[in-house]
Amino acid sequence: MTALPQPLREETFSNPLDLAAMAEALARSPDYRVLRRLVTRPPYTPTVGPEIRTAILLDTETTGLDHRTDEIIELGMVKLDYSAEGRIVGIRDMFSSFNEPSTPIPPEVTAITGITDEMVAGHRFDDAAIAAFVDDAVVVIAHNSGFDRKFAERYWPVFEHRAWACSVTEVDWRAHGFAGAQLGYLLNGAGYFHQAHRAVDDCHALLEILDFVLPTTGAPALALLLEKARKPTMRVWAEQSPFELKDSLKRRGYRWNDGSDGRPKAWFIDVDESALDDEIVFLRTQIYTQDVEPTVQRLTAFTRFSCRI
C-alpha cells in the first residue's frame, strides 16, 4: 500500500522567511490568492508639517442598535496622520476600553462580538481621556458612521464638533472591484484577514483598507473617501407623500423615518448638490403632480450622520 502523506506541521516551515517566500510565489500565480494575517502597525514618531493632518478611526460595540437606549460596551480608536493627498503617514496612538452596561449583555451580542459580562465587569469609560485623544483630529472615520456617530455623540459631546466620514456609504466599493462593503470583504480584497467584531481590531482593519491603493484610481481609498466627505449633500424630504406611491419612492432610494427622533415622519433621500434639481422635478411630476417646494437640508461632514439633523 502507498503511504498516505502526513499533514504538514507548523515546525515544517519554522523559518518565517520560508513562509514569506512561499506566499510571494503563490501571489504571483493567477491560480492562487494569498491572505496575510493583519499585523498591527506600531506607532511612529509624528511628523510636524503644514501638510500633515490627523484622523481618528473609530468603532463601537454596543448592546443593541438603538442609539437612544442601548449602550456602548467597547470603544476602539486608532489615531493616524495622513498627507494632503490622502496617503497614511503612520499611526500616532491607539485607544481601547470596555464599559460595563447597566443591564446584562444580550446573548446575541456576545455571540457576535465575543464580549461577555465578565469581560466588562467593573470597567468604565474615561471620558476625559477620550476627549483628549480626539482633541487634535480633524476628521473621524467609521465603517458605518450612521451608526457609530449617533452613539458617540450621545456619550461624548466632543464628537459633535468633528467632521465625520463613512467608509461604507461614501465609497462605491463595488465600482472599484470589491465584492461588497462589509469590512471582511474589503479586508480580504486588500489581502488580509483579522479577528473581526472587536472594536480596536476593526479599526486596524479599516486602516489597511483605507491605505489600499485602488487600481481604478492609483490612489489610496482614503483619498477617495475624503474627497467624497468634503462635498455637501442635500437631504430632500417627501413629506405627506401619497401612501400608494411609497414603492416608487423606495425604488428611487428614499428611506422612511418614523418621526420618533424628532425629525419629520416622512420619506427622505440624500443627494449630491448637482442632483437636487432633478430630485425636485421627480417629486413634482411623479409624486405630488404639482409645484411643491419640498423641505431641503444641506449636510456637510460636520452634520452628516448625526442624530442632530
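Summary of the structure given here. The shown structure was predicted, so the numbers you read here are calculated from the model rather than taken from an experiment. Residue numbers run consecutively from 1 along every chain, following the written order of its sequence. Residue-level local features of this predicted model are given only where pLDDT is at least 70; pairs of side-chain atoms are given and counted only at 80 or more, and the full residue set underlies all totals for whole chains, interfaces and linings. The side-chain values count all of the structure's non-hydrogen atoms but skip hydrogen atoms and water molecules.

**Considerations on the packing of aromatic side chains**
- The pairing test for Phe, Tyr and Trp rings, Trp by its six-membered ring, is centres within 6.5 Å, and the orientation test on the planes gives stacked under 30 degrees, edge-to-face over 60, and tilted for anything in between. The full count for this structure, using the stated rule, is twelve aromatic pairs.
- Between Trp156 and Phe159 the ring centres are 6.0 Å apart and the planes differ by 65 degrees, which places this aromatic pair in the edge-to-face class.
- Relative accessible area decides the class of each residue, using a 1.4 Å probe on protein chains only: under 20% of the type maximum gives buried, over 50% gives exposed, and in between gives partly exposed. When its relative accessible area of 3% is taken as the criterion, Trp156 is described as buried.
- Only lysine NZ and arginine CZ atoms are considered, and such an atom sits over a ring when it is within 6 Å of the ring centre and within 35 degrees of the ring normal. Positioned over the ring face of Phe282 is Arg252, at 4.3 Å from the centre of the ring.
- In this arrangement the basic side chain of Arg263 is found over the ring face of Phe268, its NZ or CZ atom lying 5.4 Å from the centre.

**Things to note about the layout of surface pockets**
- Of the pockets and cavities examined, the largest pocket occupies roughly 830 Å³.
- Here a cavity means grid points, on a 1 Å grid over the protein atoms only, where a 1.4 Å probe fits yet cannot get out; a pocket means an open set of points with protein on both sides within 12 Å along at least five of seven lines; lining residues are those with an atom within 4 Å of a point. Residue lining of the largest pocket: 31 residues in total, with Lys150, Arg235, Arg255, Phe268 and Asp270 positioned closest to the centre.
- Elements with a minimum of two residues in the lining of the largest pocket: helix H5 (145-155), strand S8 (233-238), strand S9 (255-258) and strand S10 (265-272).
- Gly falls in the polar group here, along with every residue not listed as nonpolar (Ala, Val, Leu, Ile, Met, Phe, Trp, Tyr, Cys, Pro) or charged (Asp, Glu, Lys, Arg). By residue class, the composition of the lining of the largest pocket is ten nonpolar, seven polar and 14 charged. Grid points are joined across faces, edges and corners, and a volume is the space filled by probe spheres set on the points. Here a helix means four or more residues in a row that DSSP labels H or I, a strand means two or more in a row labelled E, and each is numbered from the N terminus.

**Examining the pattern of salt bridges**
- Every case where a carboxyl oxygen of Asp or Glu lies within 4 Å of a side-chain nitrogen of Lys or Arg is listed as a salt bridge. Evaluated as defined, the whole model comprises 20 salt bridges.
- The shortest N-O distance in the salt bridge between Arg198 and Glu74 comes to 3.1 Å. Within this pair, whereas Arg198 is found in the loop between strand S7 (192-193) and helix H7 (199-211), its partner Glu74 is found in strand S3 (residues 72-82), the two being separated by 124 residues in sequence.
- Given the relative accessible area of 2%, Glu74 is considered buried.
- With a shortest N-O distance of 3.7 Å, Arg92 and Asp81 are connected by a salt bridge. Of the two residues, Arg92 is situated in strand S4 (residues 88-98) and Asp81 in strand S3; the sequence distance between them amounts to eleven residues.

**Examining the side chain of Arg304**
- Tracing the sequence through the fold places Arg304 in the segment after strand S11 (295-299).
- Whenever a nitrogen or oxygen atom comes within 3.5 Å of another N or O atom, the pair is scored as a polar contact, on the condition that within protein one atom can donate a hydrogen and the other can accept it, and that pairs from neighbouring residues in sequence are kept only if both atoms are in side chains. Here the side chain of Arg304 touches Glu170 through a polar contact of 3.2 Å, side chain to side chain.
- A polar side-chain atom of Arg304 sits 3.3 Å from the main-chain carbonyl oxygen of Leu299.
- In this analysis, two residues are considered to be in contact whenever any of their non-hydrogen atoms come within 4.5 Å of each other. Dropping the residues within four chain positions of it, Arg304 is found in contact with Arg149, Glu170, Ala229, Lys231, Pro232, Thr233 and Leu299.

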